[in-house]
Amino acid sequence: MGAYGGITAFIVETSWKGWKVMKTEKKMGIKASGTAYVVLEDLEVPEENVLGKVGEGFKIAMETLDIGRITLGAGCLGGAKEAFEVAWKFANERKQFGQPIKNFQIIQHYLSRMAIDIFTLESLVYRTAWMADNGYDVIREASIVKVFASEVLDRVVDLALQIHGGAGYIEDYPVEKMYRDARINRIFEGTNEIQEYVIFKTLERRGGL
Ligand SMILES: Cc1cc2nc3c(=O)[nH]c(=O)nc-3n(C[C@H](O)[C@H](O)[C@H](O)COP(=O)(O)OP(=O)(O)OC[C@H]3O[C@@H](n4cnc5c(N)ncnc54)[C@H](O)[C@@H]3O)c2cc1C
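Residues numbered from 1 in each chain as written. Predicted model: local features only at pLDDT ≥ 70, side-chain atom pairs only at ≥ 80, totals over all residues.

Caption draft 1: Representation of the overall build of the chain in the model. Secondary structure summary: the chain contains five helices and six strands in total. Starting at the N terminus, the α and β elements of the chain follow one another as β-β-β-β-α-β-β-α-α-α-α. At 21 Å, the chain has a C-alpha radius of gyration far larger than the 17 Å of a compact globule built from 209 residues. Projected onto its principal axes, the C-alpha coordinates of the chain cover approximately 70 × 45 × 25 Å. (Helix = DSSP H or I, 4+ residues; strand = E, 2+ residues; numbered from the N terminus. Rg over C-alpha atoms; globule rule 2.2 N^0.38 Å.)

Spelled out as structure tokens, the structure:
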């Protein structure tokens, strides 16, 4: 039995005795998704609720995370595209000094930089998803997607907010929520610091790229 051999994955029903939500967290963003402190106490799990095999929980969790990190990348891609759309619309509609702000060169640069990041991320997500679908080992690639996607989303949403000026800081505009929602992606599904550790470990194991 390895270091994590004692871990078993299982499914519990929320109606069972011994399952309790201690606290529902108040968060900066992603408020549509509940995050709670859950306690399992004297909870008996029937054999049919074991997920996979007894002792294989860690392996299941790690495999789930590999796919989860690519899925997170796809989510960040969607978020970045949405942020671009609202910024594009605003840049066309908002007039300053008698013209749409889109006419100002720096706004054009911001929009171009967003497009570069989005195109690069889209290519990366599709390539890595293809690799996973075709049975490649994607431990490193999934971590690369996770880090890059969460950073792209942060950059794109930040520029989208900047293009909105003061309006971007006001709750009436969707970019304010996008900015708050984006931030968690560098933290959950394994922090970006841990992903870089995973990436380095695979470099070491494979003797380079
Ligand atoms: C809204 C939300 C939803 C979540 N959803 C889920 C979920 O669905 N499933 C789930 O399993 N978890 C979930 N989490 C938990 C999340 O995955 C963890 O918060 C995250 O992995 C970081 O763990 P931690 O908070 O204990 O940070 P810590 O481990 O305390 O880390 C603190 C800081 O130290 C750094 N650090 C820690 N260890 C090292 C190291 N060895 N080397 C270098 N730096 C290090 C971290 O990167 C971070 O910057 C969720 C968290 C939040 C906030």
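Caption draft 2: Just the site of the ligand, in detail. In the neighbourhood of the ligand, the contacting residues comprise Lys27, Ile30, Thr35, Ile184, Ile187, Phe188, Gly190, Thr191, Glu193, Ile194 and Tyr197. Partitioned by chemical class, the residues of the shell around the ligand number six nonpolar, three polar and two charged. Mapping the shell around the ligand onto the domain boundaries places at least three of its residues in each of domain 1 (9-51) and domain 2 (61-206). (Near = placed C-beta within 6 Å. Nonpolar A, V, L, I, M, F, W, Y, C, P; charged D, E, K, R; others polar. Domains from an automatic or database assignment.)

Caption draft 3: Main features of the environment of Tyr4. As for its position among the elements, Tyr4 is in the segment before strand 1 (9-10). The class of Tyr4 is partly exposed, set by 13 C-beta atoms lying within 10 Å. When the C-alpha atoms of Tyr4 and Arg205 are compared, they prove to be 20 Å apart, with 201 residues separating the residues in sequence. (Buried ≥ 20, exposed ≤ 12 C-beta atoms within 10 Å, placed from the backbone.)

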